[in-house]
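Coordinate analysis (summary)
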Amino acid sequence: MAKLFIFRHGETEDNKTHTFSGFRQSDLTENGIEEARQIGDILKDEPVTRAYQSDQIRSQHTLELVLNRYHQNAEIVTDARIKERDYGDLTGLNKDEIAEQNPQQYKLWHRSYDVPPPNGESIQMVEVRVMSFLNEVLPTLKPDDVVFISASANSIRPMRKYFEHLSNEQICAYEYEPAQIFEYQI
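Residues numbered from 1 in each chain as written. Predicted model: local features only at pLDDT ≥ 70, side-chain atom pairs only at ≥ 80, totals over all residues. Heavy atoms only, no water.

Observations regarding the overall build of the protein
When its secondary structure is counted, the protein shows 8 helices and 5 strands. The N-to-C order of helical and strand elements in the protein reads β-α-α-β-α-β-α-α-α-β-α-α-β. Taken over the C-alpha trace, the protein has a radius of gyration of 16 Å; the compact-globule value for 186 residues is 16 Å, and the two agree within 12%. Principal axes of the C-alpha set define a box for the protein whose edges measure 50 × 35 × 20 Å. Burial statistics for the protein: of 186 residues in total, 54% are counted as buried. (Helix = DSSP H or I, 4+ residues; strand = E, 2+ residues; numbered from the N terminus. Rg over C-alpha atoms; globule rule 2.2 N^0.38 Å. Buried < 20%, exposed > 50% of the residue type's maximum accessible area, 1.4 Å probe, protein only.)

Quick look at the structure:
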């Protein structure tokens, strides 16, 4: 059976300041670099055959650090379908301030399944592009493949829904821990 390891990028500058990142580029903090190295240490003995990253620096920098020590010859594929959700008009704004100014809207925009922020994407919309990615990649896996996916929290939600048969409510409520890895046998 093929093995799939999915992990969230390390902490970014925007994560640290509680800023809606969305499609903007926000690189890893020193803490995020250490989180990525921890993932690499945990996965060091996995013979990775292919690794996916989004087109965002946080995903790419995380994957680079994960592969750097132990898997320098892995095939790397960049795919924009696994990038973070687009927070639209909220991009660049402080989450704490938005939550204080409009708590009901914040809850809907931040964690509902089907309500997008103004000019942005809902998690349901992200699920469409992530499922397109999975439907393309999964049939190509061979029994001995070991695949790493460096993604963002909101693109991981639909992946977990697919592999773990979670409800929309469960995927929306979940908060990710640093250096957390999800492993699936395909």
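Comments concerning the environment of His165
Within the secondary structure, His165 is located in the loop between helix H7 (153-164) and helix H8 (168-173). Its relative accessible area of 69% is what places His165 among the exposed residues. Residues His165 and Asn73, 92 residues apart in the sequence, show an inter-C-alpha distance of 33 Å.

Thoughts on the packing of aromatic side chains
A complete count under the given rule lists 10 aromatic pairs for this structure. Seen in terms of ring centroids, Phe7 and Phe148 are 6.1 Å apart; in terms of plane orientation they differ by 75°. Their pairing is edge-to-face. Residue Phe7 is found in strand S1 (residues 3-8), and its partner Phe148 is found in strand S4 (residues 146-151); the two are separated by 141 residues along the sequence. Here Tyr52 and Phe133 contribute two aromatic rings whose centre-to-centre distance is 5.2 Å and whose plane-to-plane angle is 85°, an arrangement assigned as edge-to-face. Of this pair, Tyr52 sits in strand S2 (residues 50-53) while Phe133 sits in helix H6 (residues 123-137), and the two are 81 residues apart along the sequence. (Phe/Tyr/Trp six-rings, centres within 6.5 Å; stacked < 30°, edge-to-face > 60°.)

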